[in-house]
Amino acid sequence: MGQKTHPTGFRVGIIQPWASTWFAKIKEYGQFVAEDAKIRKFVKKKLYTAGVSKILIARKAQNTTITVVTAKPGIVVGRGGQGIEELKQDVSKHIGKPVIINVVEVARIDVDAQLVAEAIAQQLEKRVAFRRAMKQAMQRSMRAGAQGIKVMVSGRLGGAEIARSEWAKEGRIPLQTLRADVDFGFTEADTIMGKIGVKVWIFKGVLMPGEKADQNIKAKNEKGGSDKGMRRPKRNRAASTESAAE
């Protein structure tokens, strides 16, 4: 049995926000938790090809707002907003109450752990060698600005009769540092030989007090990337002394 702590749950309330934000009475709490799981399972299955990273749920009064963080917002929205209207009707029918759906684009696909895990799983389903799929995903993430990545696959790797786990790591993954922005993703690949689990940890940088981990929402800066966790360039001492003298 593994003794690992879930990286996201470990940091919730410190640098990670809650995926569901609402307040409920004791009698309603269990219903809301079950409803959240039902919504996430339904939306994820319906929009699997759109590359859904996160599904955020917020409840205020009688309104239920669902925010879909996806790599391909065009697939979700559809032509003229037709896709999002269909999704809204389907979800409302599924849970029996009206909902509001917002679509948000992922800032950087290659540093989103869930999307990286799903990309590896899709390659495994296409019979790509697991070591090759892992190595390529790690290289893409490191080039995209990740400070560290770890990938683990478990199951009947390469069609072996006995299931095993193999992992690869590049950079550093400080799992016990609460200020470290570590993103975690998990999915399963359905192969002919059975299911293969894929886990991905991506370290994006250390956050300073008061900062919150990004929700992989499209970055505000023009480059489309976040500068969190990156060291600031050192100022030239000679230039600073000259400016002070002036």
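Residues numbered from 1 in each chain as written. Predicted model: local features only at pLDDT ≥ 70, side-chain atom pairs only at ≥ 80, totals over all residues. Heavy atoms only, no water.

**Student:** Got a minute to help me understand the pattern of salt bridges in this structure?
**Tutor:** Counted by the stated rule, this structure contains 11 salt bridges. Residues Asp36 and Arg59 are paired through a salt bridge, measuring 2.8 Å at the closest nitrogen-oxygen approach. Here the residue Asp36 occupies a position in helix α2 (residues 26–46), and Arg59 occupies one in strand β2 (residues 52–60), the gap between them amounting to 23 residues. The same class applies to Asp36 and to Arg59, which are both buried. With a closest N to O distance of 3.8 Å, Glu85 and Lys88 form a salt bridge. Here Lys88 and Glu85 lie together in helix α4 (residues 82–95), a separation of three residues that amounts to about one turn. When its relative accessible area of 39% is taken as the criterion, Glu85 is described as partly exposed. Given the relative accessible area of 26%, Lys88 is considered partly exposed. (Salt bridge = Lys/Arg side-chain N within 4 Å of Asp/Glu carboxyl O. Helix = DSSP H or I, 4+ residues; strand = E, 2+ residues; numbered from the N terminus. Buried < 20%, exposed > 50% of the residue type's maximum accessible area, 1.4 Å probe, protein only.)

**Student:** I'm lost on unusual backbone geometry in this one. Help?
**Tutor:** Residue Ala61 is not a glycine yet carries a positive backbone phi of 55 degrees. Positionally, Ala61 belongs in the loop between β2 and β3 (63–70). Overall, Ala61 belongs to the exposed group, its relative accessible area being 80%. At Arg127, a residue that is not glycine, the phi angle is positive and equals roughly 70 degrees.

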